[in-house]
Amino acid sequence: MNILIDTNILIPLEDTGRTLDPSLAEMRRLSEQNGHVLFVHPAQEEDIRRDQNEARRNIVLSRLSQYQAIPSPPSLSDSSLQEYGWRQTGDNDRIDNLLLHALCRGAVHFLITDDNDIHRKARTAQVQEQVHHLDQFLAFLRSQLSTVQPPPFGIEERNLHEFDVRQPFFDSLREGYPGFNDWYLRSAKEHRKAWCISDGETLQAICIYKEEERQVIVDGGAPLDGIALKLCTFKVGESVRGRKLGERLLFSAFKYAVGHHIPYVYLHTFGSEQELLVSLCQDYGFELAGKNRNSEDVYVKQMSAPYSLPSNITPLTYAVTYYPHYLDTDAVCKFIIPIQPQYHNDLFADTSDIAHGLFAQDSSQYNPQSNTIKKAYICHANTTKIKMGDLLFFYRTHDRKSVECMGVVEQTYRGQDIEKVLPLVSKRTVYSSVEIGEWLQKETLVILFRFIRDFSPVGQAALINAGIRGAIQSIRKISHEQYLHCFVRNHN
């Protein structure tokens, strides 16, 4: 694979004047080990020449030649900018756009950047699956090796007083918020709780939450018109990054908000460490509301759709903005997807054979893809009817013979080109390139989807009563009336 690295990765990677970040060293080593080639864009030389640190600028410029440059990079016209929906107000924007344009044109397979503006533009151009933060790309590279990492511990709901605030896990939070220890201890005395992953008393990931009513969340703003779930502290430890625990924690928050009829979820961010959190939240409908009185960015997500919606809103846009809610009108197609038990276990943690509920599960056997909201399903079905925004209902074959999970389609691909498939599924699956290559020996259908929810099993009797008869051995489209009979009337 050809990997384009942004300037914010390139400069610290080549700055010999400081200790090399272990993550950057690992990226270079694993890229070589996996046979990937690191590329730069010729326009990045302009970026580097604007570096005010003369010594660092000269060092990085002198080392550029060790990278392959994209040959004859595509130019970017005003019409293409308009089509992508990208702004271009200065040189920084122009170079960011050129890098993304090269990716869109197929000059490279991945773009690695920690620039949130580039990630936002990638979502606009619908190439976000191929644009990785450094941590995400490292997780992908590790998944391509034969060595299997031990999976994370399960999410639990714990009292704050069960953990020692002095442990190193909280060091970065103390650096960004000098009063963190005092705040934590005050919160512990209030018997506040958190969703967390821990090894006994040692934390690996945590989300401290709090319910608030008619809260003013931005400086000078009006109070929210209802209850809000505040995610006060949201952190995934460096040792477990790449295992999709951030998505798992967010899923826990969304499930709690829906279950308690809470109309808003919000958080505030500070410091560079939380840039990945911002990008993750924006993928699930959080929007920048403004700044609070401490000048921290506040992101809020509305958990239910307003009464008045744009007439042209698409099912996928609706599902992203108001996740985990979705459109299910008769204009939205519905499909039943057969899936074997072992793959069902891998994809759907809470309904797997080893699950015992969201907060009391033995996750020692889970793959990282069990934690994701954004998942990939790979099969050899010959259907070409599935499109963005369609609803999927996964039928577990062989043992349970029931439907328990649903999702909404984000993107599909049909073919056998591993150079297209691997970038698409890189954030969503632990399958190696060898395993994916085995799938691609035949014409393959890849469905990227967002997991919506699980529900009590809909068995064969209910399916038959709705007119869905016969063995479900391939993807099957169902009518809107059959959908209402099986998955709405029986679950209200």
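Residues numbered from 1 in each chain as written. Predicted model: local features only at pLDDT ≥ 70, side-chain atom pairs only at ≥ 80, totals over all residues. Heavy atoms only, no water.

Let's hear about the overall build of the protein chain: which residues, and what values?
Helices and strands together make up the secondary structure of the protein chain, namely 18 helices and 18 strands. Here the protein chain has a C-alpha radius of gyration of 23 Å; the compact-globule value for 492 residues is 23 Å, and the two agree. Considering only C-alpha atoms, the protein chain reaches an extent of 75 × 60 × 50 Å along its principal axes. Long-range pairs, those at least 24 residues apart, make up 69% of the contacts in the protein chain with a sequence separation of at least 6. Counting only carbon and sulfur atoms, one obtains 47% of the accessible surface of the protein chain, whose full area is about 22400 Å². Charged side chains of the protein chain number 53 positive and 61 negative; the gap between the two group centres comes to 4 Å. (Helix = DSSP H or I, 4+ residues; strand = E, 2+ residues; numbered from the N terminus. Rg over C-alpha atoms; globule rule 2.2 N^0.38 Å. Contact = heavy atoms within 4.5 Å. Areas by Shrake-Rupley, 256 points an atom, 1.4 Å probe, with all protein chains shown as cover. Lys, Arg positive; Asp, Glu negative; His and termini not counted. Charge placed at Lys NZ, Arg CZ, Asp CG, Glu CD.)

I'd like a description of the pattern of salt bridges, backed by residues and values.
This structure, assessed with the given rule, holds 31 salt bridges. Of the charged contacts in the structure, one is a salt bridge between Arg-428 and Glu-129, with a shortest N-O distance of 2.4 Å. With a gap of 299 residues between them, Arg-428 in the loop between helix H15 (418-425) and helix H16 (433-439) and Glu-129 in the loop between helix H7 (116-124) and strand E5 (131-132) connect regions that are remote in the sequence. By relative accessible area, which is 4% here, Glu-129 ends up buried. Between Arg-158 and Glu-162 there is a salt bridge, and its shortest N-O distance comes to 2.6 Å. Under the relative-accessibility criterion, Glu-162 is labelled partly exposed at 28%. Bridged by salt links that share partners, the residues Arg-123, Glu-129, Asp-283, Lys-374, Glu-410, Arg-428 and Arg-450 form one connected network. (Salt bridge = Lys/Arg side-chain N within 4 Å of Asp/Glu carboxyl O. Buried < 20%, exposed > 50% of the residue type's maximum accessible area, 1.4 Å probe, protein only.)

Mind laying out the side chain of Thr-372, listing which residues take part and the relevant values?
With respect to the helices and strands, the residue Thr-372 is situated in the loop between helix H14 (341-347) and strand E14 (374-379). On the basis of relative accessible area, Thr-372 is assigned to the buried category, the value being 3%. A distance of 3.3 Å separates the side chain of Thr-372 from the backbone oxygen of Lys-374, its partner in a polar contact. (Polar contact = N/O pair within 3.5 Å; in protein donor to acceptor, adjacent residues only side chain to side chain.)

Any chance you could break down the packing of aromatic side chains for me, citing the residues and the numbers?
With the rule as written, the count across this model stands at 28 aromatic pairs. Residue placement shows Lys-301 over the ring face of Phe-254; its charged tip is 5.4 Å from the ring centre. (Phe/Tyr/Trp six-rings, centres within 6.5 Å; stacked < 30°, edge-to-face > 60°. Lys NZ or Arg CZ within 6 Å of the ring centre and 35° of its normal.)

With reference to specific residues and values, describe the sheet that holds strand E10 (residues 264-269).
Pairing is mixed in the open sheet, where seven strands are placed in the order E6-E7-E8-E9-E10-E12-E11. Unpaired on one side and paired on the other, strand E6 (155-159) and strand E11 (287-291) mark the two borders of the sheet. Neighbour-to-neighbour, the strand axes of this sheet turn through a mean angle of 30 degrees, independent of strand direction. In terms of strand pairing, strand E9 (residues 227-236) meets E10 through three bridges, oriented parallel. The partner of Ala-228 across the bridge, within E10, is Tyr-264. Helix-sheet contacts for helix H12 (residues 275-282) involve E9, E10 and strand E12 (297-302), and the interaxial angle to E10 is about 155 degrees. (Pairing = 2+ DSSP bridges. Axes fitted to C-alpha atoms, helices over the stretch in contact; angles between N-to-C directions.)

Provide a residue-level description of the sheet that holds strand E18 (residues 476-478), including the pertinent values.
In space, the six strands of this open sheet follow the order E14-E17-E16-E15-E13-E18, with mixed pairing throughout. Of all the strands in the sheet, just E14 and E18 have a single pairing partner and so form its edges. Ignoring strand direction, the axes of neighbouring strands in this sheet form an average angle of 40 degrees. Relative to strand E17 (residues 444-459), E14 is paired through six bridges, and the arrangement is antiparallel. Residue pairing for E17: Tyr-377 is matched across the bridge by Ile-447.

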